[in-house]
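The primary structure of each chain is shown beneath.
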Amino acid sequence: DGLSKKQRAALVLRGADGQNIVLERDHVEEMQVQKKSLMPEGLLRDLNDQQKSMVDSMIKSSTRLMTMVNNILDVAKMEDTTIEIDLKETSLAELAKQTLEILGSLAVRRGIALELDAPKDLMIAVDANQIGRVIQNLVGNAVKFAPDDGRVIVRIGRQGNMAKICVEDNGP
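Residues numbered from 1 in each chain as written. Predicted model: local features only at pLDDT ≥ 70, side-chain atom pairs only at ≥ 80, totals over all residues. Heavy atoms only, no water.

Student: Which residues make up the pattern of salt bridges, and what values go with them?
Tutor: By the definition in use, this model includes six salt bridges. Lys 88 is the salt-bridge partner of Asp 86, the closest N and O atoms lying 3.5 Å from each other. Here Glu 115 makes a salt bridge to Arg 151, at a shortest N to O gap of 2.9 Å. In this pair, Glu 115 is assigned in strand S4 (residues 113-117) and Arg 151 in strand S6 (residues 151-159), connecting sequence segments 36 residues apart. (Salt bridge = Lys/Arg side-chain N within 4 Å of Asp/Glu carboxyl O. Helix = DSSP H or I, 4+ residues; strand = E, 2+ residues; numbered from the N terminus.)

Structure, rendered in structure tokens:
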């Protein structure tokens, strides 16, 4: 199709004014750096608790949005067969905990209880970003389909020489 790898690894959005907005992985990384500047040692120190909670929720939502953008960029890279896998010993419980923190504010608003049942010592060689996205997608779907005042449980365990991740909810 004549596109360079860089062109294929960019997300093109159409703005409200009809102009195209090109978002590349460099832009996403820059947004992550800007997000870090809002952390407590920055602008948050002058806010009350309710305002801090709202900003925290926005930061978590922006993290989720950046993850979705990264997913789209990775699909473009997979189509070009240039995706890189970064295998490192990783705690699956920690990956799941991070996901529950990100999706926690959404669950709280709907009265959904989020639970983690995982051994802290279960380490596995994975690409933490990729598996983190899988867990986030599974938990996100569970929260989406669980009824208000429902329950979502992430269970992680060993199964022979493999790890097993299960996400349960009480939705339809």
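Student: I'd love a proper account of the pairing of strand S7 (residues 162-169), names of residues and values included.
Tutor: Direction of pairing for S6 relative to S7: antiparallel, over a ladder of eight bridges. When the bridges of S7 are listed, Ile 153 appears paired with Glu 168. What sits between S6 and S7 in their antiparallel hairpin is a turn of two residues, with Gly 160 showing a positive phi close to 65°. (Pairing = 2+ DSSP bridges.)

Student: Got a sec to walk through the environment of Lys 88? Specific residues and values, please.
Tutor: Topologically, Lys 88 is positioned in strand S3 (residues 87-91). The contact partners of Lys 88, leaving out residues within four places of it in the chain, are Ile 124, Ala 125 and Val 126. (Contact = heavy atoms within 4.5 Å.)

Student: Could you give an account of the confidence of the model for the chain, naming the residues involved and the relevant values?
Tutor: For the chain, the average pLDDT comes to 75, and 69% of its residues sit at 70 or higher. Across residues 1-15 the pLDDT falls below 50, and counting only partners more than four positions away or on other chains, this stretch makes 31 contacts in the model. (pLDDT = per-residue confidence, 0-100.)

Student: Go over helix H4 (residues 92-109) with me, naming the residues and quoting the values.
Tutor: Here H4 contains 18 residues, and its C-alpha end-to-end distance of 26 Å stays within 8% of the 26 Å for a straight helix at 1.5 Å per residue. At Leu 103, H4 shows its largest bend, some 50°. What H4 keeps buried is the set Leu 92, Ala 93, Leu 95, Ala 96, Thr 99, Leu 100, Leu 103, Gly 104 and Ala 107. Positive phi shows up at Gly 111, right after H4, with a value of about 75°. (Expected span 1.5 Å × (residues − 1). Bend = angle between axes of the 7 residues up to and from the residue. Buried < 20%, exposed > 50% of the residue type's maximum accessible area, 1.4 Å probe, protein only.)

Student: With reference to specific residues and values, describe the nonpolar core.
Tutor: One finds Ile 112, Val 139, Val 152, Val 154 and Ile 156 to be the most contacted residues of the largest nonpolar core, which totals 16 residues. Listing elements by their share of this core, those giving two or more residues are H4, helix H5 (128-145) and S6. Per-element accounting of this core gives the leading share, six residues, to H4. In contact with Val 154, other than residues within four places in its own chain, are Ala 96, Leu 100, Glu 115, Leu 116, Asp 117, Val 139, Ile 165, Cys 166 and Val 167. (Core = buried A, V, L, I, M, F, W, Y, C linked by side-chain atoms within 4.5 Å.)

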